[in-house]
Amino acid sequence: MLFFWNQGEKTQSPVTAMCFNLQGDLLLVGYGDGHMTIWDVQKATAAKVIYGEHTGAVVHVCFIRQSKVITGDSKGLVLLHTFSIIPVINRLTVKGTQRLFDGNTGIVLSACPLLADESFGSGNSSTQGNLPTSSSGGLGSMMGGVVGVDSGWKFFNEGSSPLEDGVTVMFIMHQHALVVRLRTNIDHVDHIENFSRPEGAREGSIAYAAWKYTSSSTDSSPIDEERVSWLALAWDRQVQVAKLVKSKMIRHKDWKLDSAAVGIAWLNDQMLAVLNLKGQLCLFSKDGSELRRTIFILDGFVFDDSILYHTHFSNRFGNPERHFNNSVAVRGATVYILGPSFLTVSRLLPWKERIEALKMAGDWMGALDMAMKLYDGHTQGVVDLPRTVDSIRGAIMPYLVELLLSYIGYVFEYISIALSNHTGKGGAIDGLIDADRSLLTQREEQYARVGGVAVEFCVHIGRNDILFDTVFSKFVAAQSGGIFLEVLEPYILKDMLGSLPPEIMQALVEHYSGKGWLQRVEQCILHMDISSLDFNQVVRLCREHGLYGALIYLFNQGLNDFRTPLEELLSVIQNATRKDATSTCYRMLVYLKYCFQGLAFPPGHGTIPRAQLHAVRKELLQFMLEDSKMLTSEVFKGFSSSSGKCPNICYLLWMDTEATLEVVKCAFAQENFEPTSSTLDASVSKDEEDTDIESPDSQNILLQSVVDAIIHIVGLENEAIHSVVVGTAESEESELWPSVSDFGHIVEFVSFFVSYKRANASQRVLKHILKYLTSSTTSYDDKKMPPQKEVLQLFNVVPQTDWNSDYVLNLCLDAHFHQACGMIYTARNQNLAALDSYMKDTMEPYHAFIFINKKLLQLASDEALSFRSTVISRFAELVNLSRECAFVLVIDHFHDEIQQILAELHSDHCSLFLFLKTAIEVHLSGKLDFSELTARNYEIVESLYSGDLEDYLQRLSNLPKLFDRNPISMTDKLVELYLELLCQYEPRSVLKFLETFDSYRLERCLLLCLDYGVTDAAAFLQERVGDVASALELVLAGLDEKVNQFIASVENAFSRTSSKSISEIEQPDIVLNMSEARPVLDVLRSSIGLCQRNSQRLDPEESQLLWFQLVDNFSDPLKKLYGSKVVNGKGCWSVGGETTNGHPTGKGFSQKMVNSAYQ
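Treat the numbers as computed from the prediction; the structure is a model and nothing was measured.

What counts as what
Residues numbered from 1 in each chain as written. Predicted model: local features only at pLDDT ≥ 70, side-chain atom pairs only at ≥ 80, totals over all residues. Heavy atoms only, no water. Core = buried A, V, L, I, M, F, W, Y, C linked by side-chain atoms within 4.5 Å. Buried < 20%, exposed > 50% of the residue type's maximum accessible area, 1.4 Å probe, protein only. Helix = DSSP H or I, 4+ residues; strand = E, 2+ residues; numbered from the N terminus. Pairing = 2+ DSSP bridges. Axes fitted to C-alpha atoms, helices over the stretch in contact; angles between N-to-C directions. pLDDT = per-residue confidence, 0-100. Contact = heavy atoms within 4.5 Å. Arc of directions from axis to C-beta. Expected span 1.5 Å × (residues − 1). Parallel < 35°, antiparallel > 145°, perpendicular 65-115°, else oblique. Left-handed = near helix turned anticlockwise from the far one by under 90°. Nonpolar A, V, L, I, M, F, W, Y, C, P; charged D, E, K, R; others polar. 1 Å grid on protein atoms, 1.4 Å probe; cavity = no way out; pocket = protein on both sides within 12 Å on 5 of 7 lines; lining within 4 Å. Points joined across faces, edges and corners; volume = space filled by probe spheres on them. Salt bridge = Lys/Arg side-chain N within 4 Å of Asp/Glu carboxyl O. Phe/Tyr/Trp six-rings, centres within 6.5 Å; stacked < 30°, edge-to-face > 60°.

A. The arrangement of the nonpolar core in detail. Judged by nonpolar contacts, the single largest core of 252 residues is most densely connected at Phe484, Leu488, Phe795 and Phe875. Counting residues per element, this core draws most heavily on helix α6 (residues 389-423), which supplies 13 residues.

Now the structure itself:
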């Protein structure tokens, strides 16, 4: 230890500031009386004592270069001193002193220069050169750069320097901090940034700053513009971090502390050390995340004993402020805190020591967690690791493996000791089971927990070799290998373990098989990387244990083989009973469906390549059509004896006919036959496209083969279908195929492809299809086309010569397929019979009008006259089918016969009303609503009647032109006829009609309304003729009865409910929402509206009479309700407990309710 003390000094002034140069061979010290001393560190002697520059205590000093020093005193005077060496005599002298601040514009509290620290250490060494040094030391021995001198101080101004263009310095004052660059010529100063005291910082608080010199490129680059330097500024509780890039200060992050800062320093370019007034040392990342926190005050000491400060500065109130400048320093990962009587050293432990400390504390999970975070490169708070993740992993990997094995050994030893203490036999399992089964469970849980940690850790660091070799061996030795294997499962299912060594796979399958968990083994195999497995071993295991889903996955993904899994599954079905083979059959069907749809099996494993898809479909379909080789199976015998052969598809049809046919349909879905787009992979050549992707024609050939095979199996070419008996006739388990439903599914399958011209069928087959579709056993749902539509579809695609029209007509008549009958009659040119058939179809009536429209355009001469006459005679029926279409028919084709049609309709008042209603709607709006025509089964109709429907819809689109060309004159007679019918059929619509239609005779219409009792419409007409009083009487007619019904309804409703259960606010809303309240309210609104409309045009006396008549009519029922009882101002009974009609008012129903409801 060296002591620096000048015995020649007259006074013993206290040290108030000090600073080493970067080389550490000179120490500049400032004293309380204003003088300064430069100490030669190696000789422990004063190289230079400076008096007279400062008159106050020197509170901050700093080297900014080897030959330049900034000093500042408590009065705000800041000086720049330049030193030099006098040659020959080797004496340090002050070359010059310049004033930077005089204290008049603000007191500089401290200066913080940006210097090339240890991160730039190589640069310092290079500038000094490799000069020899003398071991004798002393000032003379340290001279350098001067001829005849061995070694010495190499000043920056005497050699090359990476900071030749100036030094960046921050000067901190009370209200702001200035960042400037001092050039070589001190007369030139560049202003870089001004940091104002942040909002929220205490007035008079002192800021503390720290620079960190880094490089954005190479460390040896001498170009300052390529370097990045970081600045940290702590002002009270505010911390600001900024970076200096190319002489520009860029703000990076601001955050707030929970206690005022008293010092700040960089540990490296990522971490900050901050001391606060609570005596805490906190580590932060430069982004503001807190990494560590500890107390730097030793036990038995207080804050003032632990850190040094001075009070030479005062705040604006004249009170001294403690200034902790020069009290904190950092070297490497160590923080030094200078106190009044001792030095506190706080060291950031290396990563390995920190993990070991957690181990020693028993926190194994914390140690392992920290190790994994270091492996991932999360090294915040760590200063002794490389920068790149790969380098970190290489450095810590051996220790990670050692840490894991230590943990496993520690826990295994603990479990063994605990078990031995319990049984007294060193862990005898049999004794443990008898003694305490719960302890065995705890033991297994402990091993499972250790296994989970080991798997998680090894997978995370990529050391599966350690997991399956060393770790697994330890579990086997502890008789817990099965527990370890069970722990692997969730990691396999999460795709974190993609492969297992053969011996581990064998052990896994055997262990799970012993516990009956084969389904879980299969799920594990589906999540493994096939290329990393022992393929033959895994296939053998899957066959032995019936893991057919995994077997499919292995052959599909591993060998690109789609046929072999089918053979495997089919062999299982062939050798098992129907009950035992059910699950395998459905697995096989799911597999086929996925392949036909271009999806990889099992779900979630992508798709089959487009270029390969058609070849896969063809291969699988051909396999299904191949003859079975299992000659001894009961299914083979049954189908062979019935149809002469047994293709492989027979087994699936026997198991589930409907599901099998639906799966086969997927192979021939329409989109599968569209030409392949040009977006195929560029790697597939044109020849490959032509080879792998089949045309629709070639696919239809394959489809025809499938249809023919099914037709042959069932025997649709024969008069009687085949009945297949599976099992001997004597056996109770023998089954007959196909059942009625199975036969229906087969017929619908064949019919579907025949109706879409994808397959052909003989007349005998068509006969079976039509007989089935027209039978009463046929059923359909929303997913299927209705049977009649299928029949019509067949009529459209199959030539008439292929089916017997008489036979088919009788079938359709019995099935009430009116559209089909109409089509057959039309083909025979029996138009009237066809018309009759179409008109019987009330579900889709527009077909009758499409047929009529078509025939009226086609027929001529006598045929046309006869057909028109028939249509007119049946017009009432047509109106009932669709009044809109019937009206259009009149406008379009029968405008000249309108009177004849009206005469025909007079015999059916309902039809006449509908027709006139349509005419009125057209007269008022000029359009009709045909949404039902285009909405109901439009796709089916369009496919069956595309040409006729388009023609009809085209004519409907020209309705406005038709109405203009052939208008129907609405005479008074027709209007009055419609009004009379409206009063009969829709009395509630009369008023609306009279309000919207203004061309009618008032007197005649009034009489009609009065005759049919349509009072609201009659009142409206009375008002129009000027008889307002009569109109009001009509409106008020029957009011007493409506009010009595309303009151009775209220009483009945509330007599069943406690009056306390409903608040007074809710009661009026409940009452007014009753259905009986609406008639009363309608009368009230109508009468008030009538009086308001006529009050202005009548003389005052007549107007008053109207209003009094209104009030009297509504007051009379209220008087009858209350009788002679007295009602208080709130509408409640003051005396009495019963209304005039005898209903009690004291229970359940309050008279107040009647009053409020009436009001």
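Further notes follow.
B. Summary view of the sheet that holds strand β17 (residues 261-266). Strands sit in the order β17-β18-β19-β20 across an open sheet of four strands; the sheet is antiparallel. Across the chains shown, the open sheet's two edge strands, defined by having one partner strand only, are β17 and β20 (290-295). Within this sheet the neighbouring strands show an average axis-to-axis angle of 20 degrees, counted without direction.

C. Structural detail: the confidence of the model for the protein. Per-residue pLDDT for the protein averages 81, and the proportion of residues at 70 or more is 83%. Counted against residues more than four places away or in other chains, residues 672-692, with its pLDDT under 50, gives 23 contacts. Residue range residues 1126-1159 is modelled with pLDDT below 50. Its contacts to residues more than four positions away, or to other chains, number 67 contacts.

D. Examining helix α33 (residues 898-905) more closely. Of the residues making up α33, those classed as buried are Ile898, Ile901, Leu902 and Leu905. Axial view of α33: buried residues confined to an arc of 100 degrees, hence all on one face. The exposed set on the far side of α33, more than 90 degrees from its buried face, consists of Gln899 and Ala903. Residues of α33 that are buried sit in contact with α30 (861-873), α31 (875-881), α32 (883-893), α34 (909-925) and α39 (972-985).

E. View of the environment of Leu559. Here Leu559 is to be found in helix α14 (residues 548-559). Classification of Leu559 by relative accessible area gives partly exposed; the value is 48%. Non-local contacts of Leu559, meaning those with residues more than four positions away in its chain, are made with Phe535 and Leu554.

F. Quick look at helix α11 (residues 502-514). For α11, which comprises 13 residues, the first-to-last C-alpha distance of 18 Å matches the rise-based estimate of 18 Å (1.5 Å per residue) to within 8%. Regarding α11, the residues found buried are Ile504, Met505, Leu508, Val509, His511 and Tyr512. End-on view of α11: buried residues confined to an arc of 165 degrees, all on one side of the axis. With respect to the buried face of α11, the exposed residues turned more than 90 degrees away are Glu503 and Gly514. Where α11 is buried, its residues meet α9 (464-477), α10 (481-493), α12 (518-526) and α13 (535-545).

G. Looking closely at the packing of helix α15 (residues 563-574) against helix α16 (residues 578-596). Interaxial distance between α15 and α16 falls to 9 Å at its minimum, and their mutual angle equals 155 degrees. Viewed along their axes, α15 and α16 adopt a mutual orientation that is roughly antiparallel. In this structure, α15 meets α16 at a crossing whose hand is left-handed. Together, Pro565, Leu566, Leu569, Leu570, Val572 and Ile573 of α15 and Ala581, Thr584, Cys585, Arg587, Met588, Tyr591 and Leu592 of α16 make up the contact between the two elements. Its residues placed into classes, the contact of α15 with α16 shows 11 nonpolar, one polar and one charged.

H. Just empty space enclosed by the protein, in detail. Inspection of every chain in the model, using the stated rule, returns 10 cavities of 30 Å³ or more. The space that makes up the second largest cavity amounts to roughly 70 Å³. Around the second largest cavity, the lining residues are Phe849, Asn853, Cys885, Val888, Leu889, Asp892, His893, Tyr952, Arg955 and Leu956. Put simply, the parts of the chain that give the lining of the second largest cavity at least two residues each are α29 (846-858), α32 and α37 (946-957). The biggest single contributor to the lining of the second largest cavity is α32, with five residues. The class makeup of the residues in the lining of the second largest cavity is six nonpolar, two polar and two charged.

I. Region of interest: the sheet that holds strand β25 (residues 343-347). Strand order across the open sheet formed by three strands is β23-β24-β25, with antiparallel pairing between neighbours. Of all strands in the sheet, those bounded by a partner on one side alone are β23 (328-331) and β25. Neighbour-to-neighbour, the strand axes of the sheet open up by a mean angle of 20 degrees, direction not taken into account. Pairing of β23 with strand β24 (residues 334-338), which is carried by four bridges, proceeds in the antiparallel orientation. Among the inter-strand pairings, Val330 is bridged to a residue of β24, identified as Val335.

J. Structural view of the pattern of salt bridges. Summed over the entire model, instances satisfying the criterion amount to 31 salt bridges. Glu544 is paired through a salt bridge with Arg540; the nearest N and O atoms lie 3.2 Å apart. Of the two residues, Glu544 and Arg540 are both situated in helix α13; the distance of four residues between them amounts to about one turn of the helix. Judged by its relative accessible area of 52%, Glu544 is exposed. For Arg540, a relative accessible area of 37% translates into the label partly exposed. Between Lys840 and Asp836 there is a salt bridge, with its nearest N and O atoms 3.2 Å apart. Linking Lys840 with Asp836, this pair stays in helix α28 (residues 831-840), spanning four residues, or about one helical turn. The class for Asp836 is partly exposed, based on a relative accessible area of 25%. A single network of salt bridges, built from pairs that share partners, joins Asp836, Lys840, Arg874 and Glu877.

K. Broad picture of unusual backbone geometry. Cis rather than trans, the peptide bond between Trp737 and Pro738 has omega equal to 0 degrees. If you trace the backbone, Pro738 turns up in the loop between β27 (735-737) and α23 (740-755).

L. Spatial organisation of the packing of aromatic side chains. Within the structure shown, the criterion is met by 33 aromatic pairs. Ring centres 5.1 Å apart and planes at 55 degrees place the aromatic pair Phe752 and Tyr756 in the tilted group. Phe752 gets classed as partly exposed once you look at its relative accessible area, which sits at 33%. A relative accessible area of 43% places Tyr756 in the partly exposed class.

M. Spotlight on the environment of Glu662. Topologically, Glu662 is positioned in helix α20 (residues 657-667). Separated by 83 residues in the primary sequence, Glu662 and His745 place their C-alpha atoms 9.2 Å from one another.

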